[in-house]
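Chain residues, written in single-letter form:
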Amino acid sequence: SQQGEEDPQALSIQEGENATMNCSYKTSINNLQWYRQNSGRGLVHLILIRSNEREKHSGRLRVTLDTSKKSSSLLITASRAADTASYFCATLTQGGSEKLVFGKGTKLTVNP
Amino acid sequence: GAVVSQHPSWVICKSGTSVKIECRSLDFQATTMFWYRQFPKQSLMLMATSNEGSKATYEQGVEKDKFLINHASLTLSTLTVTSAHPEDSSFYICSAQRTSGTPYEQYFGPGTRLTVT
């Protein structure tokens, strides 16, 4: 079942601008992960944030997690055309299951 | 490290035939592998969890007799789509979880595009 809901579904920006994508989920989680997928390709793991963390950085990526609102955001700063891809959040629920539940994704287009 | 391969990367088959897709962890051992299906412009849907040496656990709504999963070794899991139909056309992606090291992190293969004519 789809737990995560990303918004927006599609985002088009100019190179150099920041891109913010949001993800909401429904159940208690162990951690939340963000992935990137280029068209027709596999997934690349970007960043993992644990349920007891509120913010995490990795290069131009900044992820926040608000467990009270059951939401997360992914910020890509100073975007590049090469950042064009679909971005998915995925949650690992509490309770011992190791299954990831993916959101619907945001398709990001960065125009040069 | 942590490379997962899939073979084939794409396949076209005729309706009624069976297709086998392989998922291999190339540089690590994976007790658990996952199989996902992704329709165009949609997200990944987990089909089944494959554990080495035991039967796969299928998600609700996934026919286990149609999607046969075998995880015979710590580096290989296979998905066989039996009696394929056009509605089975999709992008199939596997992921592998290390037997040791960082828990919960899955490493994804590049996917296999199946087209059933």
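Each chain carries its own residue numbering, running from 1 in the written order of its sequence. The naming scheme follows written order: chains are lettered A onward, ligands numbered 1 onward. Restriction of local features to residues with pLDDT of at least 70 applies here, the model being predicted, together with a cutoff of 80 or more for giving and counting side-chain atom pairs; totals for whole chains, interfaces and linings are based on all residues. Heavy atoms from the whole structure form the basis of all side-chain values; hydrogens and water molecules are not counted.

Colleague: Lay out the interface of chain B and chain A in plain terms, naming residues and giving numbers.
Modeller: Throughout, a residue-residue contact means that at least one pair of heavy atoms, one from each residue, lies within 4.5 Å. Between chain B and chain A, the residue contacts involve 21 residues of the former and 20 residues of the latter. Once two parts are brought into contact, the accessible area they lose, counted with a 1.4 Å probe and summed over both, makes up the buried area. Approximately 1600 Å² of surface area, both sides summed, lies buried where chain B meets chain A, with 55% of it carried by carbon and sulfur atoms. Salt bridge criterion: a side-chain nitrogen from Lys or Arg within 4 Å of a carboxyl oxygen from Asp or Glu. Counting every contact that joins chain B to chain A gives 1 salt bridge. When the shortest N-O distance is used, the salt bridge between B:Glu59 and A:Lys99 registers 3.1 Å. Each polar contact in these results corresponds to two N or O atoms within 3.5 Å; when the atoms are within protein, one needs to be able to donate a hydrogen and the other to accept it, and residues that are neighboring in sequence are counted only if both atoms are side-chain atoms. Where chain B packs against chain A, one counts 4 residue pairs in polar contact (both at pLDDT 80 or more).

Colleague: So what about the nonpolar core? Which residues, and what values?
Modeller: As a rule of thumb, nonpolar side chains are buried together in soluble globular proteins. Residues B:Val4, B:Phe28, B:Trp35, B:Phe67, B:Leu79, B:Tyr92 and B:Leu114 are the most contacted members of the largest nonpolar core, which totals 26 residues. Judged by nonpolar contacts, the second largest core, of 21 residues, contains A:Leu11, A:Leu32, A:Ile76 and A:Val110. Buried residues of nine kinds, namely Ala, Val, Leu, Ile, Met, Phe, Trp, Tyr and Cys, make up a nonpolar core once their side-chain atoms join them within 4.5 Å. Three exposure classes are used, based on accessible area relative to the maximum for each residue type with a 1.4 Å probe and protein chains only: buried under 20%, partly exposed in between, and exposed over 50%.

Colleague: Would you mind going over the sheet that holds strand 1 (residues 4-7) of chain B in detail, with residue names and values included?
Modeller: All names here are of chain B. Strand order in the open sheet made by the 4 strands is 1-3-8-7, with antiparallel pairing throughout. Edge strands, defined here as strands with exactly one partner in the open sheet, are strand 1 and strand 7 (67-73). Each strand axis lies, on average, 15 degrees off the axis of its neighbour in the sheet, ignoring direction. Should DSSP find at least two bridges between two strands, the strands are regarded as paired. Helix numbering and strand numbering both begin at the N terminus, where a helix is a DSSP run of H or I of at least 4 residues and a strand a DSSP run of E of at least 2. One ladder, built from 6 bridges, connects strand 3 (residues 19-25) with strand 8 (residues 76-81); its direction is antiparallel. Paired with Glu-22 across the strands is Thr-78, a residue of strand 8. Axis definition: a line fitted to C-alpha atoms, limited for helices to the stretch in contact. Angles are taken between N-to-C directions and run from 0 to 180 degrees.

Colleague: Describe the pairing of strand 5 (residues 43-50) of chain A, naming the residues involved and giving the relevant values.
Modeller: Successive side chains on a regular strand alternate, one facing one side of the sheet and the next facing the other. Residue and element names in this part refer to chain A. The sheet contact formed by strand 4 (residues 29-37) and strand 5 spans 7 bridges and is antiparallel. Directly across from Tyr-35, in strand 5, lies its bridge partner His-45. Where strand 4 folds back onto strand 5 in an antiparallel hairpin, the turn is made up of 5 residues, including Gly-40, whose phi is positive at roughly 70 degrees.

Colleague: Before we move on, can you summarise the sheet that holds strand 6 (residues 55-58) of chain A with the specific residues and values?
Modeller: Residue and element names in this part refer to chain A. Pairing in this open sheet of 5 strands is antiparallel, and the strands run 1-3-8-7-6 from one edge to the other. Unpaired on one side and paired on the other, strand 1 (5-7) and strand 6 mark the two borders of the sheet. This sheet shows a mean twist of 15 degrees between the axes of neighbouring strands, independent of strand direction. Sheet topology note: the strand 3 (residues 19-24)/strand 8 (residues 71-76) ladder contains 6 bridges and is antiparallel. When the sheet's bridge partners are listed, Met-21 is paired in strand 8 with Leu-74.

Colleague: Any chance you could break down the side chain of B:Thr78 for me, citing the residues and the numbers?
Modeller: Note on placement: B:Thr78 falls in strand 8. Once you skip the residues sitting within four places of it in the chain, B:Thr78 turns out to touch B:Lys20, B:Ile21, B:Glu22, B:Trp35, B:Leu68, B:Ile69 and B:Asn70.

Colleague: Give me the packing of aromatic side chains: which residues, what numbers.
Modeller: Any pair of Phe, Tyr and Trp rings, taking the six-membered ring for Trp, is counted once the centres come within 6.5 Å. Such a pair is stacked with planes under 30 degrees apart, edge-to-face with planes over 60 apart, and tilted for the rest. By the definition in use, this model includes 7 aromatic pairs over all chains. Considering the side-chain rings of A:Phe102 and B:Phe108, the 5.9 Å spacing of their centres and the 80 degrees angle between planes classify their relative orientation as edge-to-face. In this pair, A:Phe102 sits in strand 10 (residues 100-102) while B:Phe108 sits in strand 10 (residues 106-108), so the two residues belong to two different chains. A relative accessible area of 10% places B:Phe108 in the buried class.

Colleague: How would you summarise the layout of surface pockets if you had to cite specific residues and measurements?
Modeller: Grid points spaced at 1 Å over the protein atoms alone were grouped into cavities, where a 1.4 Å probe fits but cannot get out, and pockets, open sets with protein on both sides within 12 Å along at least five of seven lines, with lining residues defined by an atom within 4 Å of a point. Grid points are joined across faces, edges and corners, and a volume is the space filled by probe spheres set on the points. In this structure, the largest pocket spans a volume of roughly 610 Å³. Taken together, 24 residues form the lining of the largest pocket, with A:Ser86, B:Gln38, B:Pro40, B:Lys41 and B:Gln42 sitting closest to its centre. A total of 3 residues in the lining of the largest pocket trace back to one element, the largest contributor, which is strand 9 (residues 85-93) of chain A. Residue polarity is assigned by list, with Asp, Glu, Lys and Arg as charged and Ala, Val, Leu, Ile, Met, Phe, Trp, Tyr, Cys and Pro as nonpolar; anything else, Gly included, falls into the polar class. For the lining of the largest pocket, a count of residues per class yields 7 nonpolar, 13 polar and 4 charged.

Colleague: Lay out the environment of B:Asp27 with the relevant residues and their values.
Modeller: All names here are of chain B. Following the sequence through the fold, Asp-27 ends up in the loop between strand 3 and strand 4 (30-38). Asp-27 sits in the partly exposed class, given a relative accessible area of 40%. In this structure the C-alpha to C-alpha distance between Asp-27 and Thr-75, which are 48 residues apart in sequence, comes to 8.5 Å. Engagement of the side chain of Asp-27 in a polar contact is seen with the backbone nitrogen of Ala-2, the distance being 2.9 Å. Within the structure, the side chain of Asp-27 is placed 2.9 Å from the backbone nitrogen of Val-3, a separation counted as a polar contact.

Colleague: Tell me what's going on with the confidence of the model for chain A, and back it up with residues and numbers.
Modeller: In regions of low pLDDT, the predicted coordinates are not meant to be interpreted in detail. In predicted models, pLDDT denotes the confidence assigned by the predictor to each residue on a 0 to 100 scale. Looking at chain A as a whole, the pLDDT averages 90, with 93% of positions reaching at least 70. The element-level mean pLDDT for chain A is lowest in strand 1 of chain A, coming to 75, with strand 7 (residues 61-66) of chain A highest at 98.

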